Amino acid sequence: MTVTKKLMLSFPRSQTEKPIVYHLVKDHGLVVNIFRARVTPEEVGYLVLDVTGSEEEIERGVQFARGQGVTVNEASVGVTWDPVRCTHCGNCLPHCPTHALHVADPATRSVRFDPGECVECLSCLENCPFGACASLF
């Protein structure tokens with residue numbers, strides 16, 4: 001059975017030049033869709049991606065990455081939203097391409113966040129004047 005999982009990979013400085021994603025595809029048979037990446041030589045890097053394959057292929061790929069010194073977060077949450085800090089100003093709404101941030105109630109114009117729709121583009125971080133959105137990166 002084929003499944004898709006969202007993973008967040010954090011690379012230590014020593015691993016940023018290794019072809020880890022290549023090996024996930026070639027050696028472990030995974031289909032990879034990269035949403036966000038920052039992997040620069042000699043700096044800490046990260047990737048937010050979906051991997052598609054069987055549960056066993058994904059688990060082998062995760063174990064391979066961890067064996068290379070890469071931290072793998074399988075929690076599927078890279079961006080958080082704090083409803084207490086949110087003033088519901090709506091400044092984030094036109095910048096969210098997937099509508100993970102959306103108006104939940106048109107009568108009150110209250111903003112809500114659906115983490116399952118978020119692709120970690122981080123536009124909300126740049127456009128929230130109150131810091132309601134935060135990144136785990």
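Now for a look at the structure at hand. (Residues numbered from 1 in each chain as written. Predicted model: local features only at pLDDT ≥ 70, side-chain atom pairs only at ≥ 80, totals over all residues. Heavy atoms only, no water.)

## As for the overall build of the protein
Here is step 1: Along its length, the protein carries 3 helices and 8 strands.
Here is step 2: Order of helices (α) and strands (β) in the protein, N terminus to C terminus: β-α-β-β-α-β-β-β-β-α-β.
Here is step 3: In terms of its C-alpha atoms, the protein occupies a principal-axis envelope of roughly 50 × 40 × 20 Å.
Here is step 4: Across the 137 residues in the protein, those meeting the buried criterion constitute 35%.
Here is step 5: Long-range pairs, those at least 24 residues apart, make up 65% of the contacts in the protein between residues at least 6 apart in sequence.
Here is step 6: Of the roughly 7,600 Å² of accessible surface on the protein, 53% is carried by carbon and sulfur atoms.
Here is step 7: Considering the protein, the positive charge centre built from 12 side chains and the negative charge centre built from 16 side chains are found 4 Å apart. (Helix = DSSP H or I, 4+ residues; strand = E, 2+ residues; numbered from the N terminus. Buried < 20%, exposed > 50% of the residue type's maximum accessible area, 1.4 Å probe, protein only. Contact = heavy atoms within 4.5 Å. Areas by Shrake-Rupley, 256 points an atom, 1.4 Å probe, with all protein chains shown as cover. Lys, Arg positive; Asp, Glu negative; His and termini not counted. Charge placed at Lys NZ, Arg CZ, Asp CG, Glu CD.)

## Quick word on unusual backbone geometry
Here is step 1: The backbone of H88 shows a phi angle near 60°, a positive value even though the residue is not glycine.
Here is step 2: Residue position: H88 is located in the loop between β5 (79–81) and β6 (101–105).
Here is step 3: Here the phi dihedral of R109 falls at roughly 60°; this positive angle occurs in a residue that is not glycine.
Here is step 4: As for its placement among the helices and strands, R109 is situated in the loop between β6 and β7 (110–113).

## Comments concerning the side chain of Q15
Here is step 1: Its place among the elements puts Q15 in the loop between β1 (2–11) and α1 (20–26).
Here is step 2: In contact with Q15, other than residues within four places in its own chain, are I20, Q68 and G69.

## Remarks on the packing of aromatic side chains
Here is step 1: Counted according to the given criterion, the structure contains 0 aromatic pairs.
Here is step 2: Sitting over the face of the ring of F35, K6 holds its NZ or CZ atom 5.4 Å from the ring centroid. (Phe/Tyr/Trp six-rings, centres within 6.5 Å; stacked < 30°, edge-to-face > 60°. Lys NZ or Arg CZ within 6 Å of the ring centre and 35° of its normal.)

## Notes on the sheet that holds strand β3 (residues 45–54)
Here is step 1: Taken in spatial order, the 4 strands of this open sheet run β2-β3-β1-β4, and their pairing is antiparallel. Because the sheet does not close on itself, it has two edges, and the strands there are β2 (31–38) and β4 (71–73). Taken pair by pair, the neighbouring strands of this sheet meet at an average axis angle of 25°, ignoring direction.
Here is step 2: Bridging between β2 and β3 involves 7 bridges; their strand directions are antiparallel. By the bridge assignment, A37 is partnered in β3 with L47.
Here is step 3: Packing of helix α2 (residues 55–67) onto the sheet brings it into contact with β1, β3 and β4, and relative to β3 it is tilted by some 155°. (Pairing = 2+ DSSP bridges. Axes fitted to C-alpha atoms, helices over the stretch in contact; angles between N-to-C directions.)

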